[in-house]
Amino acid sequence: MPPANMLSVDEYFHIDASGILNVSALEKSTGKENKITITNDKGCLSQDKIVHIIEEDGKYKADDEGFVGFCTGVMQQKNSNIHVSNFVTTGTSHKAGPTHSS
């Protein structure tokens, strides 16, 4: 359950064989639901434009992968810092679980 100031929303996406996209969102706490249908009828991208976008995307793939690697490294360093901090302050490298006595 999220905190009181956070919404909990379920989102659903469905694309049918005609390329029509149906999107719905349900806010769990209120039961409020919104839906939208996106059709492929006006202002569509031409096949040439789609191919161009895909080619452009390929040009930046290495940069994107490098950024993902960088973010992964930052998160690993953060986790390592937390591990060291816990060890320094508590003498253990992780939170101790509950103790059981027999």
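Before reading further, recall that the structure is shown in the block above.
Within each chain, residue numbers correspond to sequence positions counted from 1 in written order. A pLDDT threshold of at least 70 governs which residues receive local features in this predicted model, and a stricter bar of 80 or more applies before side-chain atom pairs are shown or counted, although totals over entire chains, interfaces and linings include all residues. Just so you know, side-chain values use all the structure's heavy atoms and leave hydrogens and water out.

Student: I would appreciate a short explanation of the sheet that holds strand 3 (residues 33-38) in the present structure.
Tutor: In sheet architecture, strand pairing relies on hydrogen bonds along the backbone and comes in two forms, parallel and antiparallel. The strand order 1-2-3 describes an open sheet built from three strands, whose pairing is antiparallel. Edge positions in the sheet fall to strand 1 (9-15) and strand 3, since each has one partner strand and no second. On average, each strand axis in the sheet is inclined to that of its neighbour by 10°, with strand direction left out of account. Pairs of strands are assigned from DSSP output, requiring at least two bridges between the strands. In this text, helices come from DSSP runs of H or I with a minimum length of four residues, and strands from runs of E with a minimum of two, each type numbered from the N-terminal end. Here an angle of 0 to 180 degrees is reported between the N-to-C directions of two axes, which are lines fitted to C-alpha atoms, with helices fitted over the stretch in contact.

Student: Would you mind going over the pairing of strand 2 (residues 21-27) with me for this structure?
Tutor: The side chains of a regular strand alternate between both faces of the sheet. Where strand 1 and strand 2 come together, seven bridges link them in antiparallel fashion. Within the sheet, the bridge partner assigned to Glu11 lies in strand 2 and is Ala25. A loop of five residues connects strand 1 with strand 2, the two strands running antiparallel in sequence, and Gly19 in this loop sits at a positive phi of about 85°. Two elements, strand 2 and strand 3, share six bridges in a ladder whose sense is antiparallel. Considered in strand 3, the bridge of Ala25 is made with Asn34. In textbook terms, the turn of a hairpin is the stretch between consecutive antiparallel strands, and for strand 2 and strand 3 this stretch comprises five residues, one of which, Gly31, has a positive phi near 75°.

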